[in-house]
Each structure stands twice: as structure tokens, then as C-alpha cells.
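Here are the chains, one letter per residue:
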Amino acid sequence: MGKKKWKVVLRHVFLAVLALIWLVPIIWLVCTSLSAYTGVNFSHFFPTEWSLKNYYKLFFQPDTAANFPAWFRNTLVVAFFSCIVSTAFVLMTSYAFSCMRFKGRKKLMSFSIILGMFPGVLSMIAVYFVLKMLGLVDSVVGLIFIYSAGSGLGFLVLKGFFDTIPSSLQEAARLEGASEATIFTRIIIPLSKPMIVYTTLNSFLAPWMDFVFARIMIKSKDSSDWTVAIGLYNLLQRSLTGKYFSVFCAGGVVIAVPIAILFVLMQRCYVEGVTGGAVKG
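Owing to the predicted nature of the structure, the values given are computational and were not obtained by experimental measurement. (Residues numbered from 1 in each chain as written. Predicted model: local features only at pLDDT ≥ 70, side-chain atom pairs only at ≥ 80, totals over all residues. Heavy atoms only, no water.)

Check the secondary structure of the chain and you find 13 helices and zero strands. Reading the chain from its N end, one meets helices and strands in the order α-α-α-α-α-α-α-α-α-α-α-α-α. Counting only C-alpha atoms and orienting by the principal axes, one finds that the chain spans roughly 70 × 70 × 30 Å. Within the chain, buried positions represent 40% of all 281 residues. In the chain, once contacts between residues fewer than 6 apart in sequence are set aside, the share between residues at least 24 apart is 73%. (Helix = DSSP H or I, 4+ residues; strand = E, 2+ residues; numbered from the N terminus. Buried < 20%, exposed > 50% of the residue type's maximum accessible area, 1.4 Å probe, protein only. Contact = heavy atoms within 4.5 Å.)

This paragraph deals with a positive patch on the surface. On the surface, K3, K4, K7 and R11 cluster together to form a positively charged patch. Tracing the backbone through its elements, the reader meets K4 in helix α1 (residues 3-33). A relative accessible area of 72% places K4 in the exposed class. (Patch = residues over 30% accessible without salt bridge, like charges linked within 9 Å, V, L, I, M, F, W, Y side chains within 5 Å. Areas by Shrake-Rupley, 256 points an atom, 1.4 Å probe, with all protein chains shown as cover. Salt bridge = Lys/Arg side-chain N within 4 Å of Asp/Glu carboxyl O. Lys, Arg positive; Asp, Glu negative; His and termini not counted. Charge placed at Lys NZ, Arg CZ, Asp CG, Glu CD.)

This part takes up the environment of F80. Here F80 shows up in helix α3 (residues 68-99). For the pair F80 and L205, spaced 125 residues apart in sequence, the C-alpha separation works out to 9.9 Å.

So, on to a nonpolar patch on the surface. Where nonpolar side chains cluster on the molecular surface, the patch consists of F102, L108, F111, I114, L115, M117, F118, V121, L122, L153 and V212 and spans about 1,100 Å² of accessible area. When residues in the nonpolar patch are grouped by element, the largest group, four residues, is from helix α4 (residues 105-116).

Bringing helix α10 (residues 193-209) into the picture now. Side chains that are three or four residues apart share a direction in an α-helix, a result of its 3.6 residues per turn. Taking 1.5 Å of rise per residue, 17 residues should cover 24 Å, and α10 covers 24 Å from first to last C-alpha, within 8% of that figure. In terms of burial, α10 is largely enclosed, as 12 of its 17 residues are buried. Taken as a whole, α10 has its buried residues at P194, M195, I196, V197, Y198, T199, L201, S203, F204, L205, P207 and W208. (Expected span 1.5 Å × (residues − 1).)

Most peptide bonds adopt trans geometry, and most residues besides glycine take a negative phi value. Notably, D138 is not glycine yet its phi reads approximately 60°, a positive angle. Examined against the element boundaries, D138 turns out to sit in the loop between α5 (124-134) and α6 (140-149). Residue class for D138 comes out partly exposed when judged on its relative accessible area of 33%.

Where side chains of opposite charge bring their charged atoms close, a pairing between them can arise. Under the defined criterion, the tally for this structure stands at two salt bridges. Between D163 and K159 there is a salt bridge, and its shortest N-O distance comes to 2.7 Å. Owing to a relative accessible area of 6%, K159 belongs among the buried residues under this scheme. As a salt-bridge pair, R174 and E180 come within 3.0 Å of each other at their nearest N and O atoms. For R174, a relative accessible area of 32% puts it in the partly exposed group.

Time to look at the packing of α3 against α10. Running from N to C, α3 and α10 cross one another at 140°; their axes reach a closest spacing of 8 Å. When the axes of α3 and α10 are compared, the pair comes out oblique. Crossing handedness for the pair α3 and α10: right-handed. Where α3 approaches α10, its residues F72, T75, L76, V78, A79, F80, S82, C83, S86, T87, V90 and L91 are matched on the opposing element by I196, T199, T200, S203, F204, P207 and W208. Classifying every residue of the contact of α3 with α10 gives 12 nonpolar, seven polar and no charged. (Axes fitted to C-alpha atoms, helices over the stretch in contact; angles between N-to-C directions. Parallel < 35°, antiparallel > 145°, perpendicular 65-115°, else oblique. Left-handed = near helix turned anticlockwise from the far one by under 90°. Nonpolar A, V, L, I, M, F, W, Y, C, P; charged D, E, K, R; others polar.)

Contact geometry of helix α8 (residues 167-175) with helix α9 (residues 180-188) gives a least axis separation of 10 Å together with a crossing angle of 130°. Considering the angle they form, α8 stands oblique to α9. When you trace α8 past α9, the crossing you get is right-handed. For the pair formed by α8 and α9, the contact residues are L169, Q170, A173 and R174 on the first element and E180, I183, I187 and I188 on the second.

Ranked by internal contacts, the top residues of the largest apolar core, which has 42 residues, are W71, L143, I146, Y147, M217, L235 and Y244. Mapped onto this core, the elements with two or more residues apiece are α2 (53-60), α3, α5, α6, α10, α11 (212-217), α12 (228-234) and α13 (238-276). With 11 residues, α13 is the single largest residue contributor to this core. Apart from residues lying up to four places away in sequence, Y147 is in contact with V78, S82, S86, P207, D210, F213 and A214. Membership of the second largest hydrophobic core comes to 16 residues, among which are L91, F161, I183 and M195. (Core = buried A, V, L, I, M, F, W, Y, C linked by side-chain atoms within 4.5 Å.)

Turning next to the environment of R11. Take R11: it is sitting in helix α1. On the basis of relative accessibility, which here comes to 47%, the residue R11 falls in the partly exposed class. For the pair formed by R11 and G251, sequence separation is 240 residues and the distance between their alpha carbons is 35 Å.

Okay, structure coming up:
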């Protein structure tokens, strides 16, 4: 066997080992969710008795500790509306910086990029007190505000794609009397479908998977006010794991299903969006 073939074999073995390391926890999570045992069981990797009762309990037998239908509803509402608002903000900000010329444009763009480099967690305390003064703590509306407010700072990738669209198309439209709104909706948006999918998925993923901001903003003791991240984290308390750990695993599987479906259905557009936005910065 030649040297090149050995390199290929070693590379594939290395990738297979990495894949196994990544897949083992996921497989264990799925198997535990299908176990008839309610608590943590380290004696067997695969359950000795299989059952769907954890999923049934998750959806049809909610209680004060595991109110998954309410958690899922709250998370879906926050993710859906945050996705819409965030996508609109990113599209408009990217179009303004890429296709329009106005005084202070470059300085504002540089300031936005620098501001976007700071982690959002640095502003958590300030944001919490602002929302508290507005009466939006412990509310779905408050979470939507949080996830949507700074989304326009993520304009860089989409702007890079807009920069690749020939300016002659916009100039021709302006000569025909088209407004900026018409150019944006009739020319730029139809040409940017892969990037819109990429932006939409990222906007949806942030609130869907976030725990930190949700934990700080939702202080309610009523489990029906929680998101999925807060609810599942609460099930890991020492006093609850013996009864709800398998339910926790079932919730982890269920919450991953929508994301997996979205990526499978939109994988091509997502890849085109990532590569398209990296062509020109």
C-alpha cells in the first residue's frame, strides 16, 4: 500500500474516531429516553427494557416539575417572532451598509463591527434592569426584545453577499424611477434566497437553544412561564433526577428534532448562504 493510501486510511480512521466520540453521548441520550427506567442508570448502555412512557409523560402528563408543553410553546413563540424581527433587521442593516451611501457610513459600520465583538453576556445586568423598569421581566415579550434588539449587528456576512450583486442592476432600477424600498424588495431579496435562509436559521437557533439570557430574565417560580432550556435544566436537580432523568433525555431529543429537520430540508441553501457571504467582505 502506497504512502498516499496510508494517509487516506489514517485520515478516515481519525475522522471515524471523532465521529464515534461525538455520536456516543447522542446515542446514549436517545437510548435513555426510550428506557423504562426513570432515573439515571449507568449499569447498562442500552436499556434492558424499552418503553415510550417518557415521551408520553413529557407530552400528555405535565406536572409542576415537568410542564414540557408550556415550555415548548413559550420557546417556539420566542424563537418564531425573534426570527422574523432579527431577519428583518439584518436584511435592512446589510442593505443600508452595502447598497446605500450616506455620511458617516464607514465610521458607523466600523463602530458596529467593534461593538459586535463584545459578548452579549456583558450587558446582561444592564438589560435586566432596563426590562425590569419596563415591566418586561418574566415575559415572552421581554425575551423577544432581548434576542431581536442587537441582531442588526450580525450584518457582516449578509453584507458580503450584497456586495457581490452587480450595482448596475440597482442603477438601472433607479433610472426607471424605482425607490430604495422597491429595489430592496424586488431585486435584492429575490437574489438573496440562500442568504435569507442562512440568516433565518441563525436567528431561529439563538433563542431556541439559549439558556443564559432566559435564566436571568425569567425569575418566575411557575414552571408554565419557563422556556425549554430552563425547564430541562430544572429537571437535573438532585431531588428530581431519580424520577425525571429519562424524561429530561426525552425532552433533549424532542427539542433537537425541529433543528435537525430544518437543517436537512435547508442544507443546500444554508451552505450556499455561508459560502456566498464569504465571497466579498
